[in-house]
Every structure is written in structure tokens, then in C-alpha cells.
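Each chain, letter by letter, is given below.
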2 protein chains.
Amino acid sequence: MEPILGTNVITQVGILVNDIEKTSAEYAKFFGVPQPELFITGVPEEAQTEYLGKPSNARARQAFFKVGPNVDIELIEPDHEPSTWRHDLDQNGEGFHHIAFVVNGMKKYNDVLNVAGMPLLQKGEYPGGRYAYHDANDSLKLILELLEND
Amino acid sequence: MEPILGTNVITQVGILVNDIEKTSAEYAKFFGVPQPELFITGVPEEAQTEYLGKPSNARARQAFFKVGPNVDIELIEPDHEPSTWRHDLDQNGEGFHHIAFVVNGMKKYNDVLNVAGMPLLQKGEYPGGRYAYHDANDSLKLILELLEND
């Protein structure tokens, strides 16, 4: 038996927050590290974000904390454009959003997950790669993120 | 600066489920592994569970999936006695419950977290160690689990 994504190693635990400066400061204190740089996802022309099959101007601010050799906690503060981030933050409040896996062959795995009942929610590009969120709530009780780096 | 818990390495991502046989089978298929053994937390005399400062007879069934060198996904199906598991499952439905860290000195860290505004929710014993859940929703937007192995 092979893992459906070709891997079983998680690389990220994603957490939605309303105020990334504030929560990032709390995490920095908790982990005893300097407050990390804040990133922001690309402008629409670069990110080419699609949410539920439609282009979206959504962007998010991000902060990363190392919590293992290959694992980060990612804090995500979305804007108010349509996205899985904004939907879940509005619906469920702050907290867990996804676990992520690095894959090799994004389109193949998008198809595999769609067929397996874990439909694509959102996708986009970042410098050097791309991501996709799939809704695995029915089977795995969470959202999966696939990351592919060129 | 030191990490508050003496570590920044997560060892577990905990997921609440209603039907552990069913969801464990879905995870086994997803990761391409045999369905793992199901565990059950100890009887009350062994587990000495306390939830919100009071003894509880709560027990849970558990299944573990390796998702990295030192990280597992833990599926948790609680019974209907009072616990953070049952509370969160009733309140939020299936899905993410906690991230866990292995600590050395449980009582010290219980005190440190209580003082830091992350109060003890639940604690108990297991063969060879003990656990404690702390409510870090205010600051970190999640529940922490501390694990101490003798």
C-alpha cells in the first residue's frame, strides 16, 4: 500500500488568527524565539488564487514557527476576500485550519483527492511553488494542504 | 530566551472523532498503512482523570498514525463522561483538538502554564507516564497537551 499523496510526513500545522502581530508575539514568547518576519501572500496577478472554482483577490498574512525538524506552525491572518481562510475564521473562529504535505505532482494529486471525495477548495501560486487546499472533512475530519515546490 | 515548556518540538496532533473504527480506516487508506491497533485509556482507578479540577470516569479510544520522525496524528473517540474531549466534540464537532509536547517535569510546567494564563483543563495517568491538557485558546488559539514519560 502506498500513501495517497506519496508521503505521510506533515510539514505544517495551519492556525487561523484575527491579529497576527498579537498571536505571533504570543507564540514567540511561548517558544522562546524572536518574533518572526511576517509574510503576505502574493498580489492577485501573482497568486492566481481560486476559491471554489472562481478567481479570488484573497490574500493572507503569515508567520512561521519551527516545531520540529521538518514541521512548522503557520499562523494565517486572512483578509476579507473570499477564501477558505476567511470562511473558516468566520464560521469557526480562531484556531486550527489545516495540515500540509509536500507533494511532487500537484495536478495529479488534485485529481486523486477529488476522486477520493476530498474536493479542491482553493489553490494558488507562491514564489517557487504552489498550494492547494482540499476538503477532507468527511473522511479525515480536517482540511489538507498540498505544497509543491519547483 | 528559553521555550516555556523547555521544548518547541511537537509530538502529536490530536483529532476528535465520533467513530474511531471508521475514521481510523480512512486514515489507514490515506497513509497506505494497515489499520493500527486501537487503544483505550485506563480505567478510572488507573487513569486518575481530573477534568476542571474534579475526578472524572471519562475514557477514550485512541489510534495513532506516524506523520513524521517524531510526530503522530492521534485519533480520539471519547465516551460520554465529562472531559475536554467530550466537551469539544459536542461543542465543535469532529476535528482538531490539541498539539502535544513531551516535557520533563509535569508539575513545574502545569504551574508555569497556569501562571501564564493557560489553565489546566484535564490531567491523567497512563502506563509509564502522565498527560495534562492546558487551555491556551486565549494566547495560542489552541489546546496544549503535555506528556511526561517516566
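Here the structure is shown first, and the text comes after it.
A volume near 900 Å³ is recorded for the largest pocket. Lining the largest pocket are 37 residues, with A:Asn92, A:Gly95, A:Phe96, B:Asn92 and B:Phe96 sitting closest to its centre. Contributions of two or more residues to the lining of the largest pocket are made by α3 (84-92), β7 (95-102) and β10 (142-149) of chain A together with α3 (84-92), β7 (95-102) and β10 (142-149) of chain B. Among the residues forming the lining of the largest pocket, the class breakdown is 13 nonpolar, 16 polar and eight charged.

Counting residues at the interface gives 40 residues for chain A, matched by 40 residues for chain B. Interface of chain A and chain B: buried area, both sides summed, is about 3100 Å²; carbon and sulfur atoms make up 72% of it. In terms of surface lost to chain B, no three residues of chain A exceed A:Phe30, A:Leu140 and A:Lys141, which account for 23% of the buried area on that side. Inspection of the chain A/chain B interface yields two salt bridges. Residue A:Glu94 is joined to B:Lys141 by a salt bridge in which the shortest nitrogen-to-oxygen separation is 3.0 Å. Here chain A and chain B share eight residue pairs in polar contact (both at pLDDT 80 or more) between them. Counting residues per element, the ones that place at least two in the side of chain A that touches chain B are β1 (10-16), α1 (20-31), β7 and β10 of chain A. It is α1(A) that contributes the most residues to the side of chain A that touches chain B, six residues altogether. Classifying every residue of the side of chain A that touches chain B by side-chain character gives 26 nonpolar, eight polar and six charged.

Throughout the structure, instances matching the rule amount to one cavity of 30 Å³ or more. What lines the largest cavity is A:Val9, A:Ile10, A:Pro69, A:Asn70, A:Val71, B:Gly68, B:Pro69 and B:Val71. Residues that form the lining of the largest cavity fall into these classes: six nonpolar, two polar and no charged.

Thresholds applied
- Residues numbered from 1 in each chain as written.
- Chains lettered and ligands numbered in written order.
- Predicted model: local features only at pLDDT ≥ 70, side-chain atom pairs only at ≥ 80, totals over all residues.
- Heavy atoms only, no water.
- 1 Å grid on protein atoms, 1.4 Å probe; cavity = no way out; pocket = protein on both sides within 12 Å on 5 of 7 lines; lining within 4 Å.
- Points joined across faces, edges and corners; volume = space filled by probe spheres on them.
- Helix = DSSP H or I, 4+ residues; strand = E, 2+ residues; numbered from the N terminus.
- Nonpolar A, V, L, I, M, F, W, Y, C, P; charged D, E, K, R; others polar.
- Contact = heavy atoms within 4.5 Å.
- Buried area = accessible area lost by both parts, 1.4 Å probe.
- Salt bridge = Lys/Arg side-chain N within 4 Å of Asp/Glu carboxyl O.
- Polar contact = N/O pair within 3.5 Å; in protein donor to acceptor, adjacent residues only side chain to side chain.

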